[in-house]
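Commentary on secondary and tertiary structure
Residues per chain are reported as follows:
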Amino acid sequence: MATEIVEDTAKAEALRVEMSAMTGSQRAAVLMLLLGEQQASEIVRFLDPKEVQALGAAMVSVAELSQEAVNQVLDDFVMTIKKQTSIGLGTTEYVEKVFKRALGDDKAASVLGRIMPGQSTKGLDILQWMDARSIADMIRSEHPQVCAIILSVLEHEVAADVLLFLPEEIRSEVIQRVASLETVQPSAMAELEAIMKKQFSTSSSAASSSFGGIKAAAKIMNSTKTALEAQVMGGLEKLDADLMMKIQDNMFTFDNLLSVDSKGIQVLMRNVEPDMLMIALKGANEEVRGKFLENMSTRARGMFVDDMNAKGLLRIADVEDAQKTIMRIARKLSDSGDLVLGGGADFV
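Residues numbered from 1 in each chain as written. Predicted model: local features only at pLDDT ≥ 70, side-chain atom pairs only at ≥ 80, totals over all residues. Heavy atoms only, no water.

A closer look at the packing of helix H9 (residues 144-153) against helix H11 (residues 168-180)
Packing of H9 against H11 brings their axes to within 8 Å, and their N-to-C directions diverge by 60 degrees. Read as a crossing pair, H9 and H11 show a hand that is right-handed. For the pair H9 and H11, contact is made by Pro-144, Gln-145, Cys-147, Ala-148, Leu-151 and Ser-152 and by Ile-170, Glu-173, Val-174, Arg-177 and Val-178, respectively. Its residues assigned to classes, the contact of H9 with H11 shows 7 nonpolar, 2 polar and 2 charged. (Axes fitted to C-alpha atoms, helices over the stretch in contact; angles between N-to-C directions. Helix = DSSP H or I, 4+ residues; strand = E, 2+ residues; numbered from the N terminus. Left-handed = near helix turned anticlockwise from the far one by under 90°. Contact = heavy atoms within 4.5 Å. Nonpolar A, V, L, I, M, F, W, Y, C, P; charged D, E, K, R; others polar.)

Set out below in C-alpha cells:
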C-alpha cells in the first residue's frame, strides 16, 4: 500500500510539472489535435497568420505529451465552459451539444463518458482516438485474448494496422482468438477495463458483450497487406487448419467474383471442372452468372446453360460447397499470380 501511495504521489507530481510547463497555445493545440482535421481546419480559418503560426508550432511541440496531460487539458476545458453560466454555457446539455457538434456522436460519447458524471461509457471507446501504433504498443505485452478483444472492437482497417505492429509470433494466435470470440463474460470485460483504466483513468460497469467471430476475423484479414496476410494465415493453419479455412471462406464470397476482369474469369474457368461451375452458378445471382456466361463462346454458352438447367433443383449446401471450392481455387491462382484478386468486397 505504501509503495502504491508513493507511486501515485510521484505520478501526480510528474503531471503537475508537465502541466505547469504548458503554454496557453499548447493547451489550445491539444484541443485542436483532438477535434480532428475537418473541425480544426474550420477553426483555423478564423485565426490571423501569427496565431496560425503559433498554434502550428504548438501542435508540433505537444506530440510527446502524456495521455494524463491530455486528459487534464480536456478536463480544464470543460470546467472553463461550465463556469460560463451567465449565458447558459454551464449546463450539461450545452456541453453535450458542443462536443457532439465538434466531434461527432461517437467521439463525443467517449469524451463525455470520462469528464461528465452519469455519462460513463466503456473505456474501450477511447481506442477510437488512438492511432494503430499506439494501440499496439499498449497491448503488445497483454495476453493474446486481450489483444483479440481489442482488435474486435476496432474498425477493421485500424485492426489490420494494429495487427501489423504486434509481435509476429502472436499475430496468428490473436486472429485465431478473434475468430473464436462470441461473447465476452463480465470477468473478462472487468479485466480489460482495468487495463484501460491504467491508461486513461476511466471506468465502466462490466457487462457481457458480443463481438468478434469468424466474420470479424475475415474482415480484419481482408484489410491486411498481402505479405502480412500470408504470414498470419500460415501460422493460423498450423494452430487450427479448420478455423483458418473458415476465415478464408468468409474473406471472399462468390459474389465478389463480379469484380474480377474477363481475363481472370477465363483463367478461373480453365481451372474449374464444368460440372462444379454449373452447380455453383445455379445459386449465384444473375450478375455473377452473366459474368461467367459472357466469357464463353456462343456455342459453349448454349451447351453450358442447357446442361446446368438439366440438373434441376440442387441442395443449397451443395451449391455453397461448390462456390467455396471455386473461391479456394481462385485464391491459389491469385497467390501464384495467375489471377488478380483483391481483399473483401473490393478487387483490383
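Regarding the packing of aromatic side chains
By the definition in use, this model includes 1 aromatic pair. Here Phe-254 and Phe-292 contribute two aromatic rings whose centre-to-centre distance is 6.1 Å and whose plane-to-plane angle is 0 degrees, an arrangement assigned as stacked. In this pair, Phe-254 sits in the loop between helix H15 (241-251) and helix H16 (262-270) while Phe-292 sits in helix H18 (residues 286-293), placing the two residues 38 residues apart along the sequence. Like Phe-254, the residue Phe-292 is buried in the burial classification. (Phe/Tyr/Trp six-rings, centres within 6.5 Å; stacked < 30°, edge-to-face > 60°. Buried < 20%, exposed > 50% of the residue type's maximum accessible area, 1.4 Å probe, protein only.)

Comments concerning the pattern of salt bridges
Summed over the entire model, instances satisfying the criterion amount to 6 salt bridges. The residue Arg-140 makes a salt bridge to Asp-137 at a minimum N-O spacing of 3.5 Å. By relative accessible area, which is 34% here, Arg-140 ends up partly exposed. Given a relative accessible area of 44%, Asp-137 falls into the partly exposed group. Residues Arg-177 and Glu-173 are paired through a salt bridge, measuring 3.0 Å at the closest nitrogen-oxygen approach. Residue Arg-177 and its partner Glu-173 are located together in helix H11, separated by 4 residues, close to a single helical turn. With a relative accessible area of 26%, Glu-173 lands in the partly exposed category. (Salt bridge = Lys/Arg side-chain N within 4 Å of Asp/Glu carboxyl O.)

Regarding the nonpolar core
With 63 residues, the main nonpolar core has Ile-247, Phe-254 and Phe-292 as its most contacted residues. Apart from residues lying up to four places away in sequence, Ile-247 is in contact with Ile-175, Ala-179, Ile-214, Ala-217, Ala-218, Met-221, Met-233 and Leu-236. (Core = buried A, V, L, I, M, F, W, Y, C linked by side-chain atoms within 4.5 Å.)

Observations concerning helix H20 (residues 316-335)
Between its terminal C-alpha atoms H20 stretches 29 Å, which fits the 28 Å expected from 20 residues at 1.5 Å a residue. The complete set of buried residues in H20 reads Val-319, Ala-322, Gln-323, Ile-326, Met-327, Ala-330, Arg-331 and Leu-333. Positive backbone phi, approximately 85 degrees, marks Gly-337, located one or two places after H20. (Expected span 1.5 Å × (residues − 1).)

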